[in-house]
Structure formats: C-alpha cells, structure tokens
Amino acid sequence: MTPLKVPFFDLTTQFKLIEGEIKSALDEVFKTQQFILGAQVQALEEKIAQYCRSQYAIGVASGSDALLLSLMALDIESGDEVLLPPFTFFATAGSVSRLGAIPVFVDIDPDTYNIDPTKIEEKITSRTKAIIPVHLFGQCADMDPLLQIAKTKKLFVIEDAAQSLGAQYQPKADSKERRAGQMGNFGCFSFYPTKNLGAFGDAGMVVTDDPVLAERVRLLRIHGSQPKYFHKRIGINSRLDTMQAAILLVKFKYLETWTQERQKKAERYDRLFKEHLPMIEGLTLPMTQYQNRHIFHQYVIRTPQRDRLKKFLAEEGIGTDIYYPLPLHLQECFSFLKYQRGDLPVSEKASEEVLALPIYPELKEEQQMVVVDRMRAFYKKRGMRD
Ligand SMILES: *Cc1c(COP(=O)(O)O)cnc(C)c1O
C-alpha cells in the first residue's frame, strides 16, 4: 500500500466540481467579447460589496494593486509614514514603498500574528498618515483599539484583507459584527488562485463606504481618465478582467460552503492534536480570539523544531509551507530603513517557528489523520533521541 500523500494545496478536485459552470461562464464572455470591464465585473463588484457590507467595491488587477490604489486615492506620497506589521506578505509594505512613502513596522501579537495595537502609538510621528492592519491567515486584527488610535491621531486605515474575505469581528456581544474590509477607509482583497476565493490568474478588489474615495479608485485604475483620453490624475492600468470576474462569480456561490468546510477542517485538526499529541513542549495550535470569525485561509502551528518537522513531513509525502520565513523589516530591499535583528522580536521568533499545514475545503479526514499521525511519529522519534 502506498502511503496517502497530502499535498499542501490542490485546486484540481474543486475544479472538477465546477468545470461545467466555469466553461459556460467563459463562453458568455467569449460571445460578447467584452474583455475589459464587462458586465461580469460590475456584477462581481456588487456581490463583493454586499458580502463585505460595504457601499462600494472596485475590481482591480490584484491584491497588491488594491493596496497601491488605496494609498494613491488617499494621496499618500513621498516621505509619508505608514504603519504596518512586518509579518505579512511583501505587498503590504511594497505598495507603500512604491509611492516613496516609508513603511514603519509595528510588531505583532504572538498568538494571532496580527499587528499588536498596544505597540502602535509609540511609532506615530508628525509624518504618520495611515495604518495598514493585515488580517492574517483568515482572522481580523484587533481593530477597535486600532481604529480608536486612528481616530484620535487622524490617520487613515487601509485593511489588508487579502487573506480574510468573509472574516468577522465583534468584540462586544451587543455590538454589530463587522466584516473584514468594512472597518477602515478601505478594505483590500486578493483573488490570487490560492486565496479562499481564487481566480484563474491575478485579480483583486477594493471596498469602501466613501463615495469620493470609491470614485477616485475607479478613476485611478484606468489611468485617471475621464472622459476617455482626458486625464484628471496620474493613475495606472489596473483592471479586473471580465474573464476572471466571470469565473469568480461562479466560485462566489460556493464561498460560504467552502469557508465552513475550512472551519470544520480546522476544528478537526484541533481535536486530533488534542487527542493524539497532547502536551508536546512548544507545539502551539492556531488561536482564534473570542471576537473573531476565523475563515482559516491557513492553519498555522508553531514549534521550535519547525525546520526539522517540515523536512520530516516532506519525506512522508505531506506538504507544508512557511508564511513567512523572513519578516519584512529584515528583507534586503528594506535595508535602507536600517532595522536590525532584535528590533521586532515577536515577528522574528514567529518567522522561525510557524508552519502552515494543508487546509482546503476538499481535504479529507484520512489526510488530516495522516498529518497528525506523522507528526506524532516525528515527536516520538525526537523524544527517544533527546
Ligand atoms: C496575497 C496577498 C496580497 C497580495 O495579493 P496579490 O493578489 O497576490 O497581489 C497582499 N497582502 C496579503 C496579506 C496577501 O496574502
């Protein structure tokens, strides 16, 4: 018997389920030949706005561009400072730097990996213009304290919700729950194929409740052109393709079901780990803060033996990945910012210990059992050796 392989991620099973629908949705686009900002783009914008409980949504070319266009719409420019966590995908900081603004890194909470709101105020200067909280792995950053600081200090808030479409935040039982993306001036989403709602290529979305800001992003994504060939502002070319929108409209219908499937897999991992791997020194499971609806874009454990565990699992046919192996303040391209190892210790330690396990709606129970069983084998072997 060949041992059951567990790929880190696999979209082929999902595609088989929706292949017919996807192909007829694409046929529609082929018939109309409206490849740029066709009717499907607007239809998707309406769906996403409604889903995020935002007034407006604007389809753009990627999650990275969603961040860039939001910053441009807020007139963030050279010399401005923008606060953000270093434990995130590069685009969060790259978008800031591309405008000549300065990313100022704020360390994270060790349990959720999201920006630590108690460390924000000490980083604010007279040049600070905005904060970009990242809702990492599928759960919202602790937004209320952050929004309070932003209000007092008159800072813009751009939510990097690329990993958290459909996540919710509700710190008080009697307060209304809010969706990722609807809490700041802008919410930015990515439909990169591996995200919870993934296109067949690059795509992204910006949401906002502000009609003026919405209009600015709409203009900036088409080179600031209005009417055509008359340019109010210097924009970029960053549109969501009609074909991608057509595919996303099909997949959107399944998003809630897929999210619930991810949540079930996360619960099952939790249960299996508690049953089969109790009290392993230093092994930490994902923590969901009480106020959050976690959508489990990733299921991330941490362990001091991370690198050896990853290698062991790979040899057993189990895929894992590391988000993120080097925090942004230590990246070569940001050396000019003069950060040093030790400056943001919580992020640095996390980058040495985190490991993302396979999680996707189609992941099977047997596969999860193999993952946990092989991890048990790893720790048993170590226990005998040490
Ligand atoms: C994926 C991602 C982005 C960028 O999205 P793209 O669509 O790949 O450009 C930005 N921030 C975070 C946290 C992400 O995970």
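Predicted, not measured: the structure shown is a model, and the values here were computed from it. (Residues numbered from 1 in each chain as written. Predicted model: local features only at pLDDT ≥ 70, side-chain atom pairs only at ≥ 80, totals over all residues. Heavy atoms only, no water.)

1. Thoughts on the sheet that holds strand β7 (residues 178-179)
- If you walk across this open sheet you meet the 3 strands as β7-β6-β10, and the pairing is antiparallel. Strands with a single pairing partner mark the edges of an open sheet, and in this sheet they are β7 and β10 (292-293).
- Sheet analysis places strand β6 (residues 168-169) next to β7, joined by 2 bridges and oriented antiparallel. Within the sheet, the bridge partner assigned to Y169 lies in β7 and is R178. (Pairing = 2+ DSSP bridges. Helix = DSSP H or I, 4+ residues; strand = E, 2+ residues; numbered from the N terminus.)

2. Considering the site of the ligand
- The local shell around the ligand holds 14 residues, among which G63, S64, D160, S190 and K195 are the closest.
- The contact in question runs from an oxygen atom of the ligand to an N or O atom on the side chain of Q163, over 2.8 Å.
- Between the ligand and S190 there is a distance of 2.6 Å, counted from an oxygen atom to a side-chain nitrogen or oxygen.
- Taken together, the elements giving at least two residues each to the shell around the ligand come down to α3 (63-73) and α4 (91-98).
- When its residues are assigned to classes, the shell around the ligand shows 5 nonpolar, 7 polar and 2 charged. (Near = heavy atom within 4 Å. Polar contact = N/O pair within 3.5 Å; in protein donor to acceptor, adjacent residues only side chain to side chain. Nonpolar A, V, L, I, M, F, W, Y, C, P; charged D, E, K, R; others polar.)

3. Let's talk about the nonpolar core
- Core analysis: the largest hydrophobic core is formed by 43 residues, its most contacted members being L44, I48, I120, L165, F191 and M205.
- Sorting the residues of this core by element identifies α2 (39-51), α5 (143-153), β9 (204-208) and α7 (242-252) as the ones contributing at least two each.
- Residue contacts for I48: discarding those within four places in its chain leaves L165, F191, L197, M205, V207 and F252.
- Counting 38 residues, the second largest nonpolar core, distinct from the first, contains Y299, I322, L355 and A356. (Core = buried A, V, L, I, M, F, W, Y, C linked by side-chain atoms within 4.5 Å. Buried < 20%, exposed > 50% of the residue type's maximum accessible area, 1.4 Å probe, protein only. Contact = heavy atoms within 4.5 Å.)

4. A look at the sheet that holds strand β1 (residues 56-60)
- The strand order across the open sheet formed by 7 strands is β1-β9-β8-β5-β4-β2-β3, and the pairing between neighbours is mixed. Strands at the two margins of the open sheet, each flanked by one partner only, are β1 and β3 (102-105). Between one strand axis and the next, the sheet turns through 25° on average, direction left out of account.
- With respect to the sheet, α2 is in contact with β1 and β9, its orientation differing from that of β1 by roughly 130°.
- Its contacts with the sheet put helix α6 (residues 211-220) on β1, β8 (186-190) and β9, and the angle it makes with β1 is roughly 15°. (Axes fitted to C-alpha atoms, helices over the stretch in contact; angles between N-to-C directions.)

5. Description of the packing of aromatic side chains
- Counting across every chain of the model gives 18 aromatic pairs.
- Plain terms: the ring middles of F9 and Y360 are 5.8 Å apart, the flat faces sit at 85° to each other, and that makes the pair edge-to-face. Here F9, found in the segment before α1 (12-32), pairs with Y360, found in the loop between β12 (354-357) and α11 (365-385); they are 351 residues apart in sequence, far enough to count as distant.
- Owing to a relative accessible area of 26%, F9 belongs among the partly exposed residues under this scheme.
- Feature note: the residues F8, F87, Y113, F137, Y323 and Y324 constitute an aromatic cluster, connected by ring pairs.
- Above the face of the Y51 ring, R179 is positioned so that its terminal group lies 4.6 Å from the ring centre. (Phe/Tyr/Trp six-rings, centres within 6.5 Å; stacked < 30°, edge-to-face > 60°. Lys NZ or Arg CZ within 6 Å of the ring centre and 35° of its normal.)

6. Side note on unusual backbone geometry
- Cis peptide bonds are those with omega within 30 degrees of zero, and the linkage from Q226 to P227 qualifies with -10°.
- Mapped onto the elements, P227 comes out in the loop between α6 and α7.
- Note that the residue after Y323, namely Y324, is joined by a cis bond; omega there is 10°.
- When you line up the elements, Y324 lands in the loop between α9 (306-315) and α10 (345-353).
- The phi torsion at L37 lies on the positive side, around 50°, for a residue other than glycine.

7. Focus on the pairing of strand β2 (residues 81-84)
- In β2, alternate side chains face the same way, and those of E81 and L83 on one face and V82 and L84 on the other are all buried.
- When β2 meets β3, the two strands line up parallel, connected through 4 bridges. Pairing of E81 across the sheet is with I102, part of β3.
- A crossover links β2 with its parallel partner β3, the connecting element being α4, and its sense is right-handed.
- Here β2 runs beside strand β4 (residues 128-131); their pairing, made up of 3 bridges, is parallel. Looking at β4, one finds that E81 is bridged to T128. (Right-handed = clockwise from strand over helix to strand, strands pointing away.)

8. A look at the domain arrangement of the protein
- For the protein, the assigned domains read domain 1 (12-106 + 114-252) and domain 2 (255-381).
- Here the C-alpha centre of domain 2 lies 25 Å away from the C-alpha centre of domain 1.
- Each side of the interface is counted separately: domain 1 has 41 residues, and domain 2 has 35 residues.
- Where domain 1 abuts domain 2, roughly 3300 Å² becomes buried across the two surfaces, and 60% of that area is made up of carbon and sulfur atoms.
- On the domain 1 side of the contact with domain 2, F87, F137 and N196 bury the most area, a combined 24% of that side's loss.
- Between the two partners, domain 1 and domain 2, sit 21 residue pairs in polar contact (both at pLDDT 80 or more). (Domains from an automatic or database assignment. Buried area = accessible area lost by both parts, 1.4 Å probe.)

9. Let's talk about α4
- Counted residue by residue, α4 has 6 buried out of 8 residues, so it is predominantly covered.
- Within the span of α4, buried status applies to A91, T92, A93, G94, S95 and V96.
- The inward-facing, buried residues of α4 abut α3, β2, β3 and β5 (156-160).

10. Things to note about the pattern of salt bridges
- The full count for this structure, using the stated rule, is 24 salt bridges.
- Note that R306 is salt-bridged to D307, the shortest N-O span being 2.7 Å.
- For D373, the salt bridge identified is with R374, shortest N-O distance 3.1 Å.
- Judged by relative accessible area, which is 29%, D373 ranks as partly exposed.
- Salt bridges here are not isolated pairs; linked through shared partners, they connect E316, D373, R374 and R376. (Salt bridge = Lys/Arg side-chain N within 4 Å of Asp/Glu carboxyl O.)

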